[in-house]
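One-letter residues, chain by chain:
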Amino acid sequence: MPRIGFGAAQLGNLYRRTTDAEARGAVDAAWEGGIRLFDTAPHYGLGTSERRLGALLAGLPREELLLSTKVGRLLRPGPGRGDDLENGFAVPDDLERVWDMSEQGVRRSHEESLERLGTDRVDTLYLHDPEEGPTEQALAEALPALAAMREEGLVSRVGVGSKDVDVLLKAVGTGLVDQVMLSGRYTLLEQPAAAALLPACLERGIEVVAVSVFNSGILARPTVPDDATYEYGAAPREMLERARALAAAAAHHGIELPDLAIQHPLRHPAITTVVLGMRTAHQVRENLARAAARIPEELWEQIGA
Ligand SMILES: NC(=O)c1ccc[n+]([C@@H]2O[C@H](COP(=O)([O-])OP(=O)(O)OC[C@H]3O[C@@H](n4cnc5c(N)ncnc54)[C@H](OP(=O)(O)O)[C@@H]3O)[C@@H](O)[C@H]2O)c1
């Protein structure tokens, strides 16, 4: 697995519109910078991310890159009255998400994703946010369906993408997953996955892809503004204080907070990859430089990482 991957929720207009020029610039900069792993989902902008990413990757050698998408929500005709901002995406609501964790639903979701992406295969297929939908059915039906699809050769690897450590632990316990996409639960700011989930993954040889390593914004900039976001909302005071203390410790060594945020998860032996959500070429180039920054061991020791 590559160390750094490209998260395409932003290509689905997460929070606000990403222009076509920005999207193209971001994907081109990622490819030129050596990024070879791209992650998307039907959820991201009601298919917008998959369509855009597929079109932007179309000219590139498919065998040289890894592509992941997710299942769990089908896209079906929506109200068509406005936008999808209540779910976080600046796209028209002419489609809506319908949970479907049945075997048939999972297989249909996969086929529809391939169509939107304009490709004949994805490398990893994740079960998306099982904690937000019918969780029991996700584990009992959707996960075995994914494993069956892997056995049939439809996908190379299967996994679960979630912010819920307990659900991920249950999924790992089924013995069916190759990968886990862990959102926001092992970051510079907080590490609830360290106690049980990451050791379980390590023991079973399950690769962990860490995402939301900026905790959705609060760790993305060298200084932490009062209006920083945490978990897609206003950051609580305790988080602001903790992030500022980390930024100050980093600055003392001439290092910036996002450099630490990107590299921190990769110090854990279970975590192979960090996938970063990026909207522009500038963000991609900056983050690749941050991923390569030399961070003194003394600083890691000082912050207990
Ligand atoms: N359950 C799941 O499976 C799951 C959950 C979450 C994420 N993911 C995946 O992981 C990816 C990343 O997650 P994420 O978007 O939540 O989190 P993130 O990587 O923690 O944060 C992304 C945000 O950081 C900002 N940013 C990135 N680079 C920056 C830079 N150089 N300078 C300033 N700001 C910068 C961008 O802000 P702006 O918006 O201001 O441009 C971007 O929206 C997603 O795209 C998705 O592929 C999966």
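Parameters and conventions
- Residues numbered from 1 in each chain as written.
- Predicted model: local features only at pLDDT ≥ 70, side-chain atom pairs only at ≥ 80, totals over all residues.
- Helix = DSSP H or I, 4+ residues; strand = E, 2+ residues; numbered from the N terminus.
- Buried ≥ 20, exposed ≤ 12 C-beta atoms within 10 Å, placed from the backbone.
- Contact = placed C-beta atoms within 7 Å.
- Core = buried A, V, L, I, M, F, W, Y, C linked by C-beta atoms within 7 Å.
- Near = placed C-beta within 6 Å.
- Nonpolar A, V, L, I, M, F, W, Y, C, P; charged D, E, K, R; others polar.
- Expected span 1.5 Å × (residues − 1).
- Arc of directions from axis to C-beta.
- Pairing = 2+ DSSP bridges.
- Right-handed = clockwise from strand over helix to strand, strands pointing away.

Draft legend 1. Quick look at the environment of A249. Along the chain, A249 turns up in helix α7 (residues 237-252). Note on A249: 15 C-beta atoms within 10 Å, which makes it partly exposed. Between the C-alpha atoms of A249 and R285, which are 36 residues apart in sequence, the distance is 24 Å. In this structure A249 touches L299, Q302 and I303, once residues within four positions along its chain are discounted.

Draft legend 2. Quick look at the nonpolar core. Counting 87 residues, the largest nonpolar core has A142, V180, L182, V208, A210 and I218 as the members making the most contacts within it. Among all residues touching A142, those that are not within four sequence positions of it are V71, G72, M101, V106, L127 and Q137.

Draft legend 3. Local environment of the site of the ligand. In the vicinity of the ligand there are 30 residues, among which G7, A9, G161, V211 and G277 approach most closely. Listed by contribution, the elements that provide at least two residues to the shell around the ligand are β9 (157-162), β10 (179-183), β14 (271-277) and α9 (281-292). Residue composition of the shell around the ligand, by class: 12 nonpolar, 12 polar and six charged.

Draft legend 4. Highlighting α7. Given a rise of 1.5 Å per residue, 16 residues ought to cover 22 Å, and the 23 Å separating the end C-alpha atoms of α7 matches this to within 8%. M239, A243, L246, A247 and A250 are the residues of α7 that are buried. Projected down its long axis, α7 shows its buried positions confined to an angular sector of 100 degrees, all on one face. Looking at α7, the residues exposed on the side facing more than 90 degrees away from the buried face are R237, E238, E241, A245, A248 and H252.

Draft legend 5. Here's a closer look at the pairing of β10. With five of five residues buried, β10 lies mostly within the body of the structure. Residues Q179, M181 and S183 of β10 are buried on one face, and the alternating residues V180 and L182, pointing to the opposite face, are buried as well. As judged from the four bridges shared by β9 and β10, these two strands associate in the parallel manner. Looking at the pairing, G159 lines up with Q179 of β10. The handedness of the β9 to β10 crossover, carried by helix α5 (residues 165-173), is right-handed. Two strands pair when backbone bridges link them, and β10 and strand β11 (residues 207-211) are joined in this way by five bridges, in the parallel orientation. For S183, the partnering residue across the bridge sits in β11 and is V211. Remark: the β10/helix α6 (residues 197-204)/β11 crossover connection has right-handed handedness.

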